[in-house]
Amino acid sequence: MGAVLSGLLGDGEQPPNDGDASSGGESRVIEFHSSNRWQLHYNQSKESPKLMVVDFSASWCGPCKVLEPFIRSLSTRYQEIDFIKIDVDELKDVAQQFGVQAMPTLVLLKQGKEVERVIGAKKDELEKKILKHRATPKFAA
């Protein structure tokens with residue numbers, strides 16, 4: 001089964017993780033394991049007004065592990081937003097590209113441009129910034 005999914009998605013992108021039982025739904029967080037796949041996704045996002053939340057974390061980071069279930073729950077609540085997870089040890093070049101120096105760092109992007117950043121496991125601050133930027137601006141005709 002894993003080989004089939006791998007063949008469909010390619011080696012560098014994981015399908016969204018299953019949400020834990022407490023989240024009440026399936027997680028929509030996409031993990032990238034290849035810089036090339038990430039760059040492709042990032043370049044495509046520049047053409048969309050959709051908000052993208054990039055979670056820069058590490059497997060050894062305690063606050064990252066605490067924040068992970070919250071991000072999974074946000075991904076099910078705000079399905080119009082792309083939630084991305086990048087391990088800084090795995091994709092060092094991507095972390096460097098965004099100037100990540102502490103974990104967790106969450107970067108909110110719109111059309112490839114950073115609109116906000118949250119450093120640390122600050123759940124309330126993260127959700128406020130997501131709510132601020134999630135709506136697509138409505139222009140008068």
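Read on for a plain summary of the structure. Within each chain, residues carry numbers counting from 1 in the order of the written sequence. Confidence filtering applies because this is a predicted model: local features only for residues at pLDDT of at least 70, side-chain atom pairs given and counted only at 80 or more, and all residues used for totals across whole chains, interfaces and linings. To obtain the side-chain values, all non-hydrogen atoms of the structure were included, while hydrogens and water were left out.

### Quick look at helix α2 (residues 35-45)
Cut-off, in case you're wondering: Working definition: with a 1.4 Å probe on protein chains only, accessible area under 20% of the residue-type maximum means buried, over 50% means exposed, and in between means partly exposed. Secondary structure elements follow DSSP: runs of H or I no shorter than four residues count as helices, runs of E no shorter than two count as strands, and numbering proceeds from the N terminus. Working definition: the arc comes from the directions between the helix axis and the C-beta atoms, pointing outward to the latter. Any two residues whose heavy atoms approach within 4.5 Å at even a single point are treated as in contact. Residues adjacent in sequence count toward polar contacts only when both atoms are side-chain atoms; beyond that, a polar contact is any pair of N or O atoms within 3.5 Å, and within protein one must be able to donate a hydrogen and the other to accept it.
Buried within α2 are the following residues: S35, W38, H41, Y42 and S45. Down the axis of α2, the sector holding all buried residues measures 125°, keeping them to one side. Pointing more than 90 degrees away from the buried face of α2 are the exposed residues N36 and Q44. Along its buried surface, α2 packs onto β2 (29-32), β3 (51-57), β4 (82-87), α4 (92-97) and β5 (105-110). Measuring from the side-chain oxygen of the N-cap residue of α2 to the backbone nitrogen of N36 gives 3.3 Å; that N-cap residue is S34.

### Section: the nonpolar core
Going by this rule: Only buried Ala, Val, Leu, Ile, Met, Phe, Trp, Tyr and Cys residues count toward a nonpolar core, and they belong to the same one when joined by side-chain atoms within 4.5 Å.
W38, V54, F56, I84, I86 and F98 are the most contacted members of the largest nonpolar core, which has 20 residues in total. Mapped onto this core, the elements with two or more residues apiece are β2, α2, β3, β4, α4 and β5. When residues in this core are grouped by element, the largest group, three residues, is from β3. Here F56 is in contact with I86, V88, V94, A95, F98, V100, M103, P104, T105 and V107, once residues within four sequence places are set aside. Counting 15 residues, the second-largest nonpolar core is a separate cluster that includes V29, V53, F70 and F83.

### So, the packing of helix α3 (residues 62-77) against helix α5 (residues 123-133)
The relative placement of two packed helices comes down to the angle between their axes together with the axis-to-axis distance. Formally: For helices, the fitted line uses only the C-alpha atoms of the stretch in contact; every axis is such a line through C-alpha atoms, and the angle between N-to-C directions lies from 0 to 180 degrees. Relative orientations are named as follows: roughly parallel for angles under 35 degrees, roughly antiparallel for angles over 145 degrees, roughly perpendicular for angles from 65 to 115 degrees, and oblique for any other angle. If you view the pair so one helix is near and one far, a crossing is left-handed when the near helix is turned anticlockwise from the far one by less than a right angle, and right-handed when it is turned clockwise. Residues were grouped as follows: Ala, Val, Leu, Ile, Met, Phe, Trp, Tyr, Cys and Pro as nonpolar; Asp, Glu, Lys and Arg as charged; and all remaining residues, including Gly, as polar.
Across the interface, α3 lies against α5 with an axial gap of 11 Å and an inter-helix angle of 25°. Between α3 and α5, the crossing angle belongs to the class labelled roughly parallel. Helix-helix and strand crossings are classified by hand; for α3 and α5 the assignment is right-handed. Where α3 approaches α5, its residues V66, L67, F70, I71, L74 and R77 are matched on the opposing element by K123, L126, E127 and I130. For the contact of α3 with α5, a count of residues per class yields seven nonpolar, no polar and three charged.

### Overview of the pairing of β2
As a reminder, the rule being used: Paired strands are those between which DSSP finds at least two bridges.
The two faces of β2 match: V29 and E31 on one face and I30 and F32 on the other face are all buried. Summarising the sheet, β2 and β4 pair through four bridges and their orientation is parallel. When the sheet's bridge partners are listed, V29 is paired in β4 with F83.

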